[in-house]
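Structural features, examined
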Amino acid sequence: MGATLDKKLVIAISSRALFDLSKSHQVYEEEGLNAYSDYQIEHEEEPLEPGEAFPLVEKMLRINARLGDDKGVEVVLLSRNSADTGLRVFNSIQHYGLTISRAAFCGGESPWRYINAFGCQLFLSSEAEDVRNALECGVAAATLVSNKGANRSTDQLRFAFDGDAVLFSDEAERVFKAQGLDAFTASEQASARTPLSGGPFKSFLSALHDIQQALPAEDPPIRTALVTARSAPTHERVIRTLRAWNIRIDESIFLGGLDKTEFLRAYQADVFFDDQPAHCALASPHIATGHVPHGVANER
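What counts, and where the lines are drawn
Residues numbered from 1 in each chain as written. Predicted model: local features only at pLDDT ≥ 70, side-chain atom pairs only at ≥ 80, totals over all residues. Heavy atoms only, no water. Axes fitted to C-alpha atoms, helices over the stretch in contact; angles between N-to-C directions. Helix = DSSP H or I, 4+ residues; strand = E, 2+ residues; numbered from the N terminus. Parallel < 35°, antiparallel > 145°, perpendicular 65-115°, else oblique. Left-handed = near helix turned anticlockwise from the far one by under 90°. Contact = heavy atoms within 4.5 Å. Nonpolar A, V, L, I, M, F, W, Y, C, P; charged D, E, K, R; others polar. Buried < 20%, exposed > 50% of the residue type's maximum accessible area, 1.4 Å probe, protein only.

The chain has the name 5''-nucleotidase in an unreviewed UniProt entry, where Congregibacter litoralis KT71 is given as its organism.

As structure tokens, then:
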């Protein structure tokens, strides 16, 4: 029987998210593909600097030391490079001691089409269109929009999620956009005992929850937080939805429209996922931030 990743949390990461490829990308933009290929081959023994997602990947891979070989986290590299120009990326992976062994080098084509083949539950990229395609395939995905890496002061991995259009569907947000705050509040109170439908990150949150359940409660390596613009009385539907899903979230912060940034810093988030471009812009100078281009706020 062949190898399988069925029992693992599989995360796909683009090479530009994992490493800082800004210099080589500038060569591509200014001089074209042949010059880019020459540049990468000439520098293939020179390790790339860590990119925005590097600290996050490092922390996720460390979790494997606390789980069995058939469980844990598998990180898969997806790249628009060819295998020839991508050799520098794999050399850099080896240089930093990252346990990443699986990759797809797509020679200029978008790599998102391999996400389901690898069984990925999360895709992180700097290419917004690839992220949109992944979301349409039912995979949690985000465009990394900050230059700030994860918090490296602790090995604990702290995820922060927005609620509507990220963990949950955008059904409530559509009411707010179309009819305003009062109608949104009235609708959520009336539906307080009706669970919200799942959003694009529901399955990923569930997979994190499963890993948390498999590890001792003392000194947990993963912590999760809901950071939402909702406030009382619209909090009840969210709480009852998570209860109906049988998913525990460690912290829930109901802000009633306040800026999320200081709360994310206080929580010491490693990464924050939000569908609202404005929220991402405020958080991105301080927290590694993934924009989730899903729902009514991102309709074109």
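Another aspect to go through is the packing of helix 2 (residues 22–31) against helix 3 (residues 33–42). Running from amino to carboxyl end, helix 2 crosses helix 3 at an angle of 150°, the nearest separation of the two axes being 7 Å. Between helix 2 and helix 3, the crossing angle belongs to the class labelled roughly antiparallel. Handedness of the crossing formed by helix 2 with helix 3: right-handed. Two secondary-structure elements touch here, helix 2 through Lys 23, Ser 24, His 25, Val 27, Tyr 28 and Glu 31 and helix 3 through Leu 33, Ala 35, Tyr 36, Tyr 39 and Gln 40. Tallied by class, residues from the contact of helix 2 with helix 3 come to six nonpolar, three polar and two charged.

Our focus in this paragraph is unusual backbone geometry. Residue Pro 233 follows Ala 232 across a cis peptide bond; omega there is 10°. Phi is positive for Ala 165, close to 75°, though the residue is something other than glycine. With respect to the helices and strands, the residue Ala 165 is situated in the loop between strand 6 (157–161) and helix 8 (171–179). Taking relative accessible area as the criterion, Ala 165 reaches 0% and is therefore assigned buried. Residue Gln 268 is not a glycine yet carries a positive backbone phi of 65°. Counting through the fold element by element, Gln 268 comes out in the loop between helix 12 (261–267) and strand 9 (271–274). Looking at Gln 268, the relative accessible area reads 38%, which means it is partly exposed.

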